[in-house]
Every structure is written in C-alpha cells, then in structure tokens.
Amino acid sequence: MVDRRRRSVRTALVAEALRVALAGRARIDPGAGLDIVDLGGGTGGFAVPLAVEGHRVTVVDPSPDALASLERRASDEGVSKLVHGVQGDAAELPGLAGESSADAVLCHGVLEVVDDPAQALQAMASVLREGGVLSLLVAQRNAVVLARALAGHLAEAKVALQDADGRWGPTDPMPRRFDEAGITGLLADAGFMVHTIHGVRTFTDLVPSAFVDSEPGAAEALADLERSASQHPAFRAIATQLHILATR
C-alpha cells in the first residue's frame, strides 16, 4: 500500500493533464472514444485506465513479459477488446501502428533510451492524425545534478551538468536526460507545437519516505504541492521529469 501511495503521487499530475488534453481532442467526435498509441507502455499503467474510459489503446513495447502482464491487467479490468499489445520499438512505430492512425501518442520514459530521439519523435508525428496529442515524459538533467550534489557526489554533479547527455558518469544507468530547451527544440524540429510543460516529481523524490508513509494526509498534501508547483518556472526547472503536451 505504501508503494502504491508513492507511485500515485508520482503519476497523478501526468494522468490529470493527459485526461484534460484527451477530453479536448474527444470533443471533436463526442462519445466515440479515441485511438491511442502508448509507446513503451509496458504493463499498461496508463493504457488500461484509458481503455476503461472507453478509448482504444495500442501498446507498443519491446518486452514480451510486459505485454503478457498488460494482457492480464486488461482482462482483469474487462477491457481486453480495447487494448492491443504489439512487440516492437520506436523505430518500427509507423509500420506497427499505421501512419495517421492515432488521436494521441503517449511516450513516457522512452526518449531517454532510444537510439535516436529525433527519429523517434518523427515516427510519433507520422502516427498522429492532424491535431493529434503527444504526451511526452522525459527525465530532466537539472534534477540529477541536484540529486548527486545533495548526496555528496559533487564531482558527478559537475559531470552531469556539463555532459551533453546529462549523465553523471560511465556507470550512470540512464543513457540520456534532457533540459527544457533541448527537448522543446527536438519537438519543434519534428513538427510539434508545445502547449503545456509541467514539472513532475519536483518534491516527491526529495521528501523523506518515512514522512509520506506515516503522517496522515501527507501523500495528499504532497500531491497538492506538486500540482501547485508544476508550472512554476523556478520549480519546474528542478523537477525530476518534464511532462510535455504537444500537438502535431
């Protein structure tokens, strides 16, 4: 229960912003449900709730184990007919999902690990219909600089600050991180128009777990603080992740 509570705080803001964006797209054809592609959607943490709301979701993921878990979760929620898992990656996306086939594409925690982020964004743009929504969640460089410094790893913090990919050293498990200017530039090059940028996990990764887990109402208060600070430029700049909503 404790782990679920912390995960909920971390994902609530993204889910809320995405729901608003999809509602705006759904007004074009009320009641019909949307065609959504979730790239790297894994076990269906976003896909299955979206299917429960009546949307048709194709999850493209390289892991057969994750797709098997997705199938079980969709079955448990009674939405198997609305969720379709396909094994593949970003480079294969147009062929797997079909060009101009989606009202929305989710890409959460994927650009950090793909071979070519620019090419992946181009692939997502080709899958979206005109006016389609992209929900993009990426790791931010500034946050890891701050985290390494607070942990006493000052040399690694300096490396992350200066490294082109925002990595703190050769053993850093994350292939790359982004800053706001860099990711918005990539989106513009791929033909996207950015509408909103939220900071995600600005405080959640810094507040002690013992406090959130033991104090009544702490998780709710933390979620409310995250929501309030998410679009404040100063706090957004140190968030662990950036959540960007853009249209093609």
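Residues numbered from 1 in each chain as written. Predicted model: local features only at pLDDT ≥ 70, side-chain atom pairs only at ≥ 80, totals over all residues. Heavy atoms only, no water.

Asker: So what about the overall build of the chain? Which residues, and what values?
Answerer: Counting its regular elements, the chain contains 11 helices and 7 strands. The C-alpha atoms of the chain give 18 Å as radius of gyration, which agrees with the globular expectation for 248 residues (18 Å, within 12%). Over its C-alpha atoms, taken along the principal directions, the chain stretches across nearly 50 × 45 × 35 Å. Sequence-distant contacts, at least 24 apart, represent 72% of the contacts inside the chain between residues at least 6 apart. About 12000 Å² of surface is accessible on the chain, with carbon and sulfur atoms providing 54% of the total. (Helix = DSSP H or I, 4+ residues; strand = E, 2+ residues; numbered from the N terminus. Rg over C-alpha atoms; globule rule 2.2 N^0.38 Å. Contact = heavy atoms within 4.5 Å. Areas by Shrake-Rupley, 256 points an atom, 1.4 Å probe, with all protein chains shown as cover.)

Asker: Report on the packing of helix α6 (residues 141-150) against helix α7 (residues 154-162), specifying residues and quantitative values.
Answerer: Interaxial distance between α6 and α7 falls to 7 Å at its minimum, and their mutual angle equals 170°. When the interaxial angle is binned, α6 and α7 end up roughly antiparallel. From α6, R141, V144, V145, R148 and A149 reach across to α7, where they touch L154, E156, A157, A160, L161 and Q162. In the contact of α6 with α7, the residues fall into 7 nonpolar, 1 polar and 3 charged. (Axes fitted to C-alpha atoms, helices over the stretch in contact; angles between N-to-C directions. Parallel < 35°, antiparallel > 145°, perpendicular 65-115°, else oblique. Nonpolar A, V, L, I, M, F, W, Y, C, P; charged D, E, K, R; others polar.)

Asker: Explain the environment of V105 to me, and be specific about the residues and the numbers.
Answerer: When you line up the elements, V105 lands in strand β4 (residues 102-108). Separated by 74 residues in sequence, V105 and D179 place their C-alpha atoms 21 Å apart. Excluding residues that lie within four positions of it along the chain, V105 makes contacts with V37, M124, V127, L128, V133, L134 and S135.

Asker: Lay out the packing of aromatic side chains in plain terms, naming residues and giving numbers.
Answerer: Summed over all chains, the structure comprises 1 aromatic pair. Above the ring of W168, the side-chain terminus of R148 is found at 4.3 Å from the ring centroid. (Phe/Tyr/Trp six-rings, centres within 6.5 Å; stacked < 30°, edge-to-face > 60°. Lys NZ or Arg CZ within 6 Å of the ring centre and 35° of its normal.)

Asker: So what about the domain arrangement of the chain? Which residues, and what values?
Answerer: Per the domain assignment, the segments making up the chain are domain 1 (1-140 + 178-247) and domain 2 (141-176). Averaged C-alpha coordinates put domain 1 and domain 2 at centres separated by 24 Å. The partner domain 2 presents 9 residues to the 15 residues of domain 1 that form the contact. Across the interface of domain 1 and domain 2, roughly 920 Å² is buried in total on both sides, 58% from carbon and sulfur atoms. In this structure, the connection of domain 1 to domain 2 is made through 0 salt bridges. Counting every contact that joins domain 1 to domain 2 gives 7 residue pairs in polar contact (both at pLDDT 80 or more). (Domains from an automatic or database assignment. Buried area = accessible area lost by both parts, 1.4 Å probe. Salt bridge = Lys/Arg side-chain N within 4 Å of Asp/Glu carboxyl O. Polar contact = N/O pair within 3.5 Å; in protein donor to acceptor, adjacent residues only side chain to side chain.)

Asker: Would you mind going over α6 in detail, with residue names and values included?
Answerer: Within α6 the residues assigned to the buried category are R141, A143, V144, V145 and R148. Of the surrounding secondary structure, the elements contacted by the buried residues of α6 are β5 (128-139) and α7. Note on α6: the residue one or two positions beyond its end, G152, has a positive phi of about 90°. (Buried < 20%, exposed > 50% of the residue type's maximum accessible area, 1.4 Å probe, protein only.)

Asker: Which residues make up the layout of surface pockets, and what values go with them?
Answerer: Counted as a void, the second largest pocket has a volume near 300 Å³. Around the second largest pocket, the lining comprises 19 residues; the ones closest to its centre are D89, A90, A91, V114 and D115. In terms of residues, the lining of the second largest pocket owes the most to one element, helix α5 (residues 117-127), which gives 3 residues. Considered class by class, the residues forming the lining of the second largest pocket number 10 nonpolar, 5 polar and 4 charged. (1 Å grid on protein atoms, 1.4 Å probe; cavity = no way out; pocket = protein on both sides within 12 Å on 5 of 7 lines; lining within 4 Å. Points joined across faces, edges and corners; volume = space filled by probe spheres on them.)

Asker: Let's hear about the environment of L134: which residues, and what values?
Answerer: Mapped onto the fold, L134 is located in strand β5. A residue is classified by how much of its surface remains accessible, and L134, at 0% relative accessible area, is buried. Between the C-alpha atom of L134 and that of L18, which follows or precedes it by 116 residues, the distance is 9.3 Å. Setting aside its immediate chain neighbours within four residues, L134 contacts V105, C107, L121, M124, L128, L187, F192, I244, L245 and A246.

Asker: For the UniProt feature "domain: Methyltransferase type" (unreviewed entry) in the chain, give the residues involved together with the corresponding values.
Answerer: UniProt records the feature "domain: Methyltransferase type" (unreviewed entry) for residues 37-135 in the present numbering. Within the segment residues 37-135, helix and strand shares are 35% and 29% respectively, and the terminal C-alpha atoms sit 10 Å apart. (UniProt positions renumbered as here; feature names shortened; annotations may be inferred.)

Asker: Explain the pairing of strand β1 (residues 35-39) to me, and be specific about the residues and the numbers.
Answerer: Among the 5 residues of β1, 4 are classified as buried, and the element is accordingly described as predominantly covered. By the bridge criterion, 5 bridges tie β1 to strand β2 (residues 56-61) in an arrangement that is parallel. Looking across to β2, one finds that V37 is bridged to T58. (Pairing = 2+ DSSP bridges.)

Asker: So, the nonpolar core: which residues are in play, and what are the values?
Answerer: Core analysis: the largest hydrophobic core is formed by 31 residues, its most contacted members being L111, M124, L134, L136 and I183. Secondary-structure elements contributing two or more residues to this core are β1, β4, α5, β5, α8 (180-189) and β7 (241-247). Ignoring any residue separated from it by four or fewer positions in sequence, one finds I183 in contact with L111, L136, V138, F178, L242 and I244. Counting residues in each nonpolar core, the second largest holds 26 residues, with A17, L34, A74 and L137 among its members. (Core = buried A, V, L, I, M, F, W, Y, C linked by side-chain atoms within 4.5 Å.)

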